[in-house]
Amino acid sequence: MTALATPTPHGPSALKRVFGQPLLWLLIAIVVIGVVTSQYFFTPSNMENLLRDFAVFGFLALGVMLVMLTGRIDLSVGALMIFSMIASIDLMQFIGPYLDIKMMSRGSTYVGPTVPLVLVALAIGALAGLVNGLGVAYGKVTSFVMTLVTLSALRGLSYTLTNGRPYYLRGEGFKWLGEAAWGHVPVGLIALGIAFALFAWLLHAHVVGKRIYAIGGDEKTARHSGINVSCWVVLAFVASGVCAACAGILFTSRLMSADAPMANGYELTAIAIAVLGGTQLNGGHGSPYKTLCAGLIFAIGLNLLTLHGVNAWYQNLIVGVALIGVVGLAQGIGRHKQAL
Amino acid sequence: MRMGRISNPAMETLMSAGARLKPCLRGFRPSAELSRIALLLILIAAAWAGHASFMTPGNLRTILLAVSTVAVMSVGMTLVMLAGELDLSIGGVAVASGVMGGLLIPAESAPLVIATTLGFGLLLGLINGLLVTKLKVSSLIVTLGMLGIARAIANLLSGGQALYPDDLAGYLWLGRGAVLSVPIPVWLAGLTVFAAIIVTRYSSFGRTLYAVGGNVRAARLSGIKVDRARLVVFMVSGLTAAVASLMQGARLSYIGPAGFSGIELTVIAVATLGGVSLAGGRGSIEGVAIAALIIGVVNNTLNMYGMSSYLQQIVTAAVILIVVLPDSLQRKDRDT
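The rules behind the values
- Residues numbered from 1 in each chain as written.
- Chains lettered and ligands numbered in written order.
- Predicted model: local features only at pLDDT ≥ 70, side-chain atom pairs only at ≥ 80, totals over all residues.
- Heavy atoms only, no water.
- Helix = DSSP H or I, 4+ residues; strand = E, 2+ residues; numbered from the N terminus.
- Rg over C-alpha atoms; globule rule 2.2 N^0.38 Å.
- Buried < 20%, exposed > 50% of the residue type's maximum accessible area, 1.4 Å probe, protein only.
- Contact = heavy atoms within 4.5 Å.
- Areas by Shrake-Rupley, 256 points an atom, 1.4 Å probe, with all protein chains shown as cover.
- Lys, Arg positive; Asp, Glu negative; His and termini not counted.
- Charge placed at Lys NZ, Arg CZ, Asp CG, Glu CD.
- Buried area = accessible area lost by both parts, 1.4 Å probe.
- Salt bridge = Lys/Arg side-chain N within 4 Å of Asp/Glu carboxyl O.
- Polar contact = N/O pair within 3.5 Å; in protein donor to acceptor, adjacent residues only side chain to side chain.
- Axes fitted to C-alpha atoms, helices over the stretch in contact; angles between N-to-C directions.
- Parallel < 35°, antiparallel > 145°, perpendicular 65-115°, else oblique.
- Nonpolar A, V, L, I, M, F, W, Y, C, P; charged D, E, K, R; others polar.
- Core = buried A, V, L, I, M, F, W, Y, C linked by side-chain atoms within 4.5 Å.
- pLDDT = per-residue confidence, 0-100.

Asker: I tried to follow the overall build of chain A on my own but got confused; where do I start?
Answerer: A count of helices and strands for chain A gives 15 helices and six strands. The C-alpha atoms of chain A give 21 Å as radius of gyration, which agrees with the globular expectation for 340 residues (20 Å, within 12%). Taking the principal axes of its C-alpha atoms as reference, chain A extends roughly 65 × 55 × 35 Å. For chain A, with 340 residues in total, the buried portion stands at 53%. Across chain A, the fraction of contacts at a sequence separation of at least 24, relative to all contacts at a separation of at least 6, is 78%. Surface exposure of chain A reaches about 15,000 Å², of which carbon and sulfur atoms provide 68%. A gap of 10 Å separates the mean positions of the 19 positive and 11 negative side-chain charges of chain A.

Written out as structure tokens, the structure is:
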């Protein structure tokens, strides 16, 4: 840690940056705790389960983090992840016959091809993100309010479209998305890995990242130096919408159903993960690597509590205390470093 | 959310101008307030024209009763938001304090149950405030954590079971009684709003709140006890959550650990509709009270037309956007 604190001409090396991360040590610690305290923790089936949970939270948190980097917030992701699937199923039933796609939908069961459904869901995610982005960047509505409005509108729409009944998904594609794994690495995790690589490349090795961080750091300066702030903010919301749709696809394929009240409150979990990963609420600070570290810690923590048979109420209590504690501790350490 | 980093020149000039203005004008923007009142009147006229039964005393009482819980919570939230913070924990605080009081039902003393409920709400608010001021964690995170903690406390204390205050006449009176044929919850909401208007407009604490929310740094440098103001608003927010829980518990004669789900976002939406800025220092209690009435009238009208509550959710969201959009388009600066 001391080596990190001394500024070197080129900054700390990539290796040091990765291993100097307190989050990584927290992650290692919680894995060790898991292995030591539960014989079921490090079994293939538990690991697969855990990683599938992680993939959903990871996607949500990545999207929310990107929006938070620009100094905005996205509360609509929890509602959007379910809405994108529900709306996609409805839309497919409507446009399917025209596109000559063979499918059946008996009652509220969707039996049909997965690929078009997934593509439509992603498009709906992007569209909802676009609405959020346009409202925030060009309508100048505070992002908190704008996404709060879409959150409640999308939940309402989901209930209206489904009439309060769950949609069931049948098909090999959904089974593959929800259950398949390559040597214990679930499909969802691979998808998250690709998204992470894309985020890491764009944010850390591409001019896009420089612009996004500049907007979050000081919007006025960014605008004066010729960055099209509104455009990038809209794109950040679109990306967050697509991430939410990805999370929704993985989540619903796993449960083989999509129901309006699902994933209630996930937006707050996603923000909690992003903040746990050091993303700041007023923008400019945060990284996909740290966000996913925090997401994994969160997923393992929940998994361990379940393995130990801790009552769900105690789980909420522990998560709440841990959230305040960890963020408080991290800020305390940050202030201490600054004081030195 | 602490927004100290974002400079807000418009607000600063407003603050210095505000010092010279009469206190009764503080936070009062005639154009915005009048447009809200106009919207409310138009909605009432439309509802009346559509359904003659809208203007019956019974229906008006229904609207006010339905609005009272949210109105009380919105007052607490508005004070927190004026100081530039956010309280996401109110739903949790409401159920936790309700259950805490409900556990004392066997003692058969209504004042004891009521006092415990209020006291526990105040305590949770105090904890929120202490964490924000001492630990210096963003209020969004603290109150998000507290939301989970308080809900867990409610479930653990009650074992997930609902409590029924059927035999406590004094307690039930809070929800079902009436004075001058106006229900007690409406009185409570009205008094809360009235008290908050007096405090924000005519007391030095009100001035402090606007100063802290407008520019934390300037407030601190001018000797205002910023942390104490923050502590107080979180305590008030906890207290109003407990009052709302009393009102609902008494009206339904049912104290459940699962109630008030998602209320925090509804209340923030009402406050925003009322013109309160998330960046702090801007907004007024009157605006929020009118906003609560607007939501009440809209929901009541849609109920009369038999619209499902889910569609109502969409309509309410649209109303909020319609009210907020022109106001935000006028502003040159942004907050978050």
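Asker: I would appreciate a short explanation of the overall build of chain B in the present structure.
Answerer: Regarding its fold elements, chain B presents 14 helices and two strands. Here chain B holds 336 residues, and the buried ones make up 54% of them. Taking all contacts inside chain B whose residues are at least 6 apart in sequence as the whole, residues at least 24 apart take part in 78%. Taken as a whole, chain B presents about 13,600 Å² of accessible surface, with 69% of it coming from carbon and sulfur.

Asker: Hey, could you run me through the interface of chain A and chain B in this one?
Answerer: Contacts between the two partners involve 45 residues from chain A and, on the opposite side, 46 residues from chain B. For the pair chain A and chain B, the summed buried surface comes to about 3,900 Å²; carbon and sulfur atoms form 74% of the total. The largest contributions to the chain A side of the interface with chain B come from Phe144, Trp313 and Ile324 of chain A, which together make up 18% of the buried area. For the interface between chain A and chain B, the tally reads zero salt bridges. Where chain A meets chain B, there are one residue pair in polar contact (both at pLDDT 80 or more). For the side of chain A that touches chain B, the secondary-structure elements that each account for two or more residues are helix H7 (143-162), helix H10 (207-217), helix H13 (266-276) and helix H15 (312-339) of chain A. Broken down by element, the residue count for the side of chain A that touches chain B peaks at 14 residues, all from H7 of chain A.

Asker: How should I be thinking about the side chain of Thr279 of chain A in this particular structure?
Answerer: Residues and elements named next belong to chain A. Relative to the elements of secondary structure, Thr279 occurs in the loop between H13 and helix H14 (288-307). Looking at Thr279, its side chain comes within polar contact range of the main-chain oxygen of Ala274, at 2.7 Å. Look past the residues within four positions of Thr279 in its chain and what remains in contact with it is Met65, Met68, Ala274, His285, Gly286 and Thr291.

Asker: Can you help me understand helix H12 (residues 263-273) of chain B in this one?
Answerer: Side chains of residues three or four places apart in an α-helix project in the same direction, reflecting 3.6 residues per turn. Residue and element names in this part refer to chain B. Burial within H12 is extensive, with ten of its eleven residues counted as buried. When H12 is considered as a whole, its buried residues turn out to be Ile263, Glu264, Leu265, Val267, Ile268, Ala269, Val270, Ala271, Thr272 and Leu273. At the exit of H12 stands Gly275, carrying a positive phi of roughly 95°.

Asker: For this particular structure, what's the right way to read unusual backbone geometry?
Answerer: In terms of backbone geometry, most residues other than glycine have negative phi values and most peptide bonds are trans. For Lys140 of chain A, which is not a glycine, the phi torsion comes out positive at approximately 60°. With respect to the element layout, Lys140 of chain A can be found in the loop between helix H6 (114-137) and H7. Accessibility expressed as a relative area gives 36% for Lys140 of chain A, which makes it partly exposed. Positive phi is not limited to glycine here, since Lys136 of chain B has a value of about 60°. Looking at where Lys136 of chain B falls in the secondary structure, it is placed in the loop between helix H5 (110-134) and helix H6 (139-158).

Asker: What should I look at first to understand the packing of helix H7 (residues 169-176) of chain B against helix H8 (residues 184-202) of chain B in this one?
Answerer: Each packed pair of helices is defined by two parameters, the angle between the axes and the distance between the axes. Residues and elements named next belong to chain B. Here H7 crosses H8 at 70°, and the two axes come no closer than 5 Å. The angle between H7 and H8 falls in the class roughly perpendicular. The residues of H8 that touch H7, namely those facing Trp173, Leu174 and Gly175, are Ile184, Pro185 and Leu188. Across the contact of H7 with H8, the residue classes tally to five nonpolar, one polar and no charged.

Asker: Can you walk me through the nonpolar core in this structure?
Answerer: A general tendency of soluble globular proteins is for nonpolar side chains to be buried together. Within the largest apolar cluster, 197 residues are counted, with the highest numbers of intra-cluster contacts made by Met81 and Phe144 of chain A together with Met73 and Tyr171 of chain B. Per-element accounting of this core gives the leading share, 17 residues, to helix H4 (residues 44-69) of chain A. Non-local contacts of Tyr171 of chain B, meaning those with residues more than four positions away in its chain, are made with Ala110, Val113, Ile114, Pro165, Ser245, Leu246, Gly249, Ala250 and Ile255 of chain B. By size, the runner-up hydrophobic cluster in this structure holds six residues, among which are Ala211, Val216, Val226 and Ala229 of chain B.

Asker: When you look at the confidence of the model for chain B in this model, what are you seeing that I'm missing?
Answerer: It should be kept in mind that the predicted coordinates are not to be read in detail where pLDDT is low. Residue and element names in this part refer to chain B. Of all residues in chain B, 88% attain a pLDDT of 70 or more, and the chain-wide mean is 83. Low pLDDT, under 50, characterises residues 1-11; the stretch is placed with 24 contacts to residues that sit more than four places away or in other chains. In the model, residues 13-21 has pLDDT below 50 throughout and makes two contacts with residues more than four positions away in sequence or in other chains. Model confidence for the complex is summarised by a pTM of 0.83, with the ipTM given as 0.76.

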